[in-house]
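Structural description and commentary
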Amino acid sequence: MMNFDELTINDIKRDLLTKKYSVEQLVKNIFLRIYEIDNEIGAYLTLCEKSAIKQAKEIDKKYRNGEKLGQLAGIPIAIKDNICTENLKTTCGSKMLEDFIPPYDATVVKKLKEAEAIIIGKTNLDEFAMGSSTENSAYKVTKNPRDYTRIPGGSSGGSAASVASGLSFMSLGSDTGGSIRQPASFCGVVGLKPTYGLVSRYGLVAFASSLDQIGPITKNVRDCALTLDVMAGKDILDPTTVETNKEKSYLDSIKEEIKDIKIAMPKEFFPKKLDIQIKNKVKDSIKLLKSTGATIEEISLPITRQSLSAYYIISSAEASSNLARFDGIRYGYRSENYKNINELMVNTRNEAFGKEVKRRIMLGTYALTSKHYNSWYNKAQHLRNKIKKQFECVFQNYDLIISPTSPILPFSIGEKIFDPLDMYLSDLYTVSANLAGLPALSMPCGFSNSNLPIGIQIIGPRFSESKILRTAYALEQELAIKQSR
Amino acid sequence: MVWETIIGIEIHAELKTNSKIFCNCPTKFGAEKNKNTCPVCIGLPGTLPRLNKETIHLAIKAGLSFNCKINNFSKMDRKNYFYPDTPKAYQVSQNDKPICFDGFVDINKGADCVNRIRINRIHIEEDAGKLVHLEREPHTLIDYNRAGIPLIEIVSEPDLRSPTEAVEYVKAIKNILMYQEISDCRMEEGSLRCDANISIRKKGEYKLNTKVELKNINSFKELQKALENEEQRQKELYINNQMDKVMQETRRWDSVKGKTISMRKKEESQDYRYFPEPDIPIITIDKSWINCIKKQLSEFPNERKIRYINNYRLKEKDAELLTSDKALGNYFEKIVASGADPKTTVNWILGDFLKLLKANEISVDQVLIKESDFAELINLIKREDISQKIGKVVFKIMFLTGKRPKVIIEEKGLKQIKNKDALEKIVNEVLTSNTNPVNDYYEGKTQAIGYLMGQIMKETNGQANPQLSKELLLLKLSCKEYLPIHNNDEQ
Amino acid sequence: MKISEEEVKHIAQLAKLSFTEKEIIEFTKKFGHIVQFFNPANESETEYELMDIEMVKEKNEYRKDIVLSENNQEKLFRNTKNMENGLIKIPKIIEDE
């Protein structure tokens, strides 16, 4: 009845209007499919079937009565499990929050509920979003729907896998150094990290506050624009959000032409040793964009290595502080093995945090000690400013920057888990957008010989989401035409 | 050997805001345990701080009140340390960009002499929750009502030279904070707290010696005692050549034991790992904001003192006392405004009023006597409707009940007897029943008059008009009506 | 830059984590590599400004000083495992050692 692999939000909206199926049927089928294949994939940590079906029935009734409906009415969506959902367990993929039930909704969740999207469940992630493979989850390993022997990327691996395998039609991810774009790239779906300050972080369990941003993962660019319209905007609960005065919705702006667009291609993102399949597919896409009238020029942006250092120092420093509140006193895991208050705190943290989380807390604590503050944290902030300025320079002459999303193809489960440094390198192309607070999107641009998805990344100046989406949409159209030929 | 004591003070004052520094929870003291809390102030994961504008406003006001410079750009920082009263395991405070810096406060040292104490900085931060330690129980309890209440920390330079001076300094700061309505400064509720850094050196030496930080001081009396105690402890160590035992450490003042107790040494002291709070954008303070607050500053204690001396012709010492508590001065002014003579009012306030205040352990704003009633009492005495003595009695009842003076006089029948016939009757009675003193009088012992007047007052519960009574008494005696002619009977 | 086991222990203590002696040896080695890799001293000198330009540009919107307290304390503290009469119970804290 329904081709879940292909179905987009736009398709569902059309089908619901033409009464091809009801929301209830859709939701029930989604759950049937989840029971069928998610044992294998492992995208979800928590499901909320009862409330989803109840809500589906209510929306069906509204459809029948011709009532006014939200922008995402009846669309089954998934939420990364580090985003708070009222009365629904939010674990952050950690033993620390194995039983944590937030008393409030994150602002984005509230907005999606107001748009009448239906929450299917909470998706798997690397513990506290720290990782690039979703293998650091305390609960399960999520598999890449395209190849079950491989990782789906991370940290929003569950979210990307759920969309790629048709187990949801939009999922929320969070992106601190590439955690939306890299798994989107690995699973062959579209993922957007919005400009820092465009989407409220209220309710996102903080990993690195100055870098974190929530964004959508969808099947195509159109769905991405539609959901961004629902999520974006100033939130009084998040003082780092910014008021944007845009003339039209993201959805409306995607269809405009891209003839006048000037795109920069930093040669540092295409080094000699870059996987040849990735290089070729991304360059093919660039050619397609050229054919639509966009201008593409090679530039130099020598920041990749510095970005990685700055990123890991700043993100770990902030994480060491953000994760200090997990001490067993107010919520979450509480060790039973203690004689005094210090032991309660230390043992709680020791027993409930995973290896990677501890590693980052250690690195971050180290970088903030009075002894190392200047040469580490401060230095990293200076690097960050320098990176920002370099991007500003590029954007004086160019509208967008284009690059591969990841320097590598989805790797095998277990391949890098014992080599954290190798794992960190997979974030090479994504972290700089976070450091500079820039919007960046990853979209599929083809497959490797072994049929693994390859992603292309488009980075723009702050609040240039419309332009990014418009360019991505144009590329998506061209790729579809090329494929059908 | 002459020693010199060097003291620096850190004052934490809770700001007078309605809501907490980062959330909309009330700041009201004494609520049900953990009632004034929300996801933000108990640090639930995912929550974000929203800085209360009034906090910055009051901090700038404090800065201007203490002659500080105001930073145009200020920022919040995280101070990281694990302690159960700190829900996020970091305190949002200010490290290197405080709102105010480089100020001073002048302490009056008698006529035209002031002692200027420099203020290093004033910054804003959040208060922590409260730990309740129970005797004999194996656990501690946490109440987060106080977590997130906005504080200013006022850091002095080490300019204070004795425990007494330190107390005067804190009193001066407290007074100004209250005058400008920046803080309630209720030390007993912990809304004003101070820590002191103290070291001693030989007089004439320039170098500062190792300092000790004293914590947990919650009254002026305790501050004085704690500093004196620590001063003595250090002095003895230096004298006995044990200077190595004066260590950079934090010592807690134990008021029950009357001594300081070591909490932690410097080497085990925390590395707070300060870094800029990423969740709060930079605070920008422009000139217009500062000017606007400047205009809102109200009268300072010193200004008021001069006004009192000039307008009410008060003695400097009286004016000083009256202005040492804003509420007291306000009270005084309202009484005078209700028609009482300023000087008489000052005498009442600094005398009976303060005595009763102290005895009942209440503050001026808890007083039951309305200012207009106070003025009425003063005028009743002035008009001799009651005597000064009765006045004091009435005042005490007013203080305890809040009743109007006339009502009390009526109820207790305390009105002065001025009626000549009534008084004459009483004088006659007294003369008849006190034959011996009357005899004494006629024998030339004029001091017997005093005794007889006392008897008249006794008979009338002090209500007899003294002047009229005396006149009548003398008149009766001069008539020799009461000459002891019956003495023969006894012979 | 080499990291000593002592330093790792000190950092762990600040972070309220602890490692067994065996873990310390292994962690110190791995941590040393990471620290070596990310050491920003490896990066070229840069000029810098004290304050983040972006942050200064953005206006801080403050919250009005208004009280709103409609909290359901039962829900707020439902994740707390050790409440007693509205207070959170923890092992006794002795202030002076």
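Anyway, here's the lowdown on the structure attached to this text. (Residues numbered from 1 in each chain as written. Chains lettered and ligands numbered in written order. Predicted model: local features only at pLDDT ≥ 70, side-chain atom pairs only at ≥ 80, totals over all residues. Heavy atoms only, no water.)

Take the interface of chain A and chain B next. Opposite the 36 residues of chain A that make contact, chain B presents 30 residues. Summing both sides of the interface, chain A and chain B together bury roughly 2,700 Å²; the carbon and sulfur share of this comes to 62%. For the pair chain A and chain B, the interface holds one salt bridge. Here R201 of chain A and D279 of chain B are joined by a salt bridge, their closest N and O atoms 2.9 Å apart. The tally of links from chain A across to chain B stands at 14 residue pairs in polar contact (both at pLDDT 80 or more). Listing elements by their share of the side of chain A that touches chain B, those giving two or more residues are α10 (304–322), α11 (341–352) and α12 (355–368) of chain A. At four residues, the largest contribution of residues to the side of chain A that touches chain B is made by α10 of chain A. (Contact = heavy atoms within 4.5 Å. Buried area = accessible area lost by both parts, 1.4 Å probe. Salt bridge = Lys/Arg side-chain N within 4 Å of Asp/Glu carboxyl O. Polar contact = N/O pair within 3.5 Å; in protein donor to acceptor, adjacent residues only side chain to side chain. Helix = DSSP H or I, 4+ residues; strand = E, 2+ residues; numbered from the N terminus.)

In terms of nonpolar packing, the biggest core is built from 257 residues, with F128 of chain A, I9, I152, Y169 and L177 of chain B together with F38 of chain C touching the most fellow members. In this structure, L322, A375, F395 and F399 of chain B belong to the second largest nonpolar core, which totals 35 residues. (Core = buried A, V, L, I, M, F, W, Y, C linked by side-chain atoms within 4.5 Å. Buried < 20%, exposed > 50% of the residue type's maximum accessible area, 1.4 Å probe, protein only.)

Residues and elements named next belong to chain A. With 17 residues, helix α3 (residues 49–65) should reach 24 Å at 1.5 Å per residue; the first-to-last C-alpha distance of 24 Å fits that figure. On its buried face, α3 sits against α1 (9–17), α2 (23–41) and β3 (118–123). Of the residues flanking the end of α3, it is G66, one or two places downstream, whose phi is positive at about 65°. (Expected span 1.5 Å × (residues − 1).)

The four strands lie next to each other as β8(B)-β9(B)-β2(C)-β1(C), forming an open sheet whose pairing is antiparallel. Looking at the sheet topology across the chains shown, the edges are occupied by β8 (130–133) of chain B together with β1 (83–84) of chain C. In this structure, β8 of chain B lies alongside strand β9 (residues 139–143) of chain B, joined through four bridges in antiparallel fashion. Across the sheet, the residue bridging to K130 of chain B is D143 of chain B, located in β9 of chain B. (Pairing = 2+ DSSP bridges.)

For the coordinates displayed, the defined rule picks out 62 salt bridges over all chains. When the shortest N-O distance is used, the salt bridge between R359 of chain A and E356 of chain A registers 2.7 Å. Residue R359 of chain A and its partner E356 of chain A are both found in helix α12; the two are separated by three residues, about one turn of the helix. Judged by its relative accessible area of 10%, R359 of chain A falls in the buried class. Exposure remark for E356 of chain A: the relative accessible area of 7% places this residue in the buried category. Among the ionic contacts, a cluster of salt bridges with common partners joins R201 and D238 of chain A together with R78, E277 and D279 of chain B.

With that settled, the discussion passes to the interface of chain A and chain C. Tallying the contact residues gives 57 residues for chain A and 47 residues for chain C. Carbon and sulfur atoms supply 61% of the area buried between chain A and chain C, which totals about 4,900 Å² over both sides. Taken as a group, M362, Y366 and K379 of chain A account for 14% of the area that chain A buries against chain C, more than any other trio of residues on that side. In this structure, the connection of chain A to chain C is made through three salt bridges.

What follows covers the sheet that holds strand β15 (residues 275–276) of chain B. The strands making up a sheet associate through backbone hydrogen bonding, with each pair oriented either parallel or antiparallel. Spatial strand order, β5-β4-β15 (chain B): three strands in an open sheet with antiparallel pairing. Lying at the two open borders of the sheet, with one neighbouring strand each, are β5 (90–93) and β15 of chain B. As judged from the two bridges shared by strand β4 (residues 77–80) of chain B and β15 of chain B, these two strands associate in the antiparallel manner. Among the inter-strand pairings, D77 of chain B is bridged to a residue of β15 of chain B, identified as P276 of chain B. Packed on one face of the sheet, α10 of chain A meets β4, β5 and β15 of chain B and runs near 60° to β4 of chain B. (Axes fitted to C-alpha atoms, helices over the stretch in contact; angles between N-to-C directions.)

A negative phi holds for most residues other than glycine; trans holds for most peptide bonds. With an omega dihedral of 5°, the bond running from G154 of chain A to S155 of chain A counts as a cis peptide bond. Along the chain, the position of S155 of chain A falls in the loop between β3 and α5 (157–164). Phi at F128 of chain A is positive, roughly 50°, even though this residue is not glycine. Looking at where F128 of chain A falls in the secondary structure, it is placed in the loop between β3 and α5. Phi at R273 of chain B takes a positive value of approximately 45°, unusual for a residue other than glycine. One can find R273 of chain B in the loop between β14 (259–265) and β15.

Any functional reading would require information that these geometric values do not contain.
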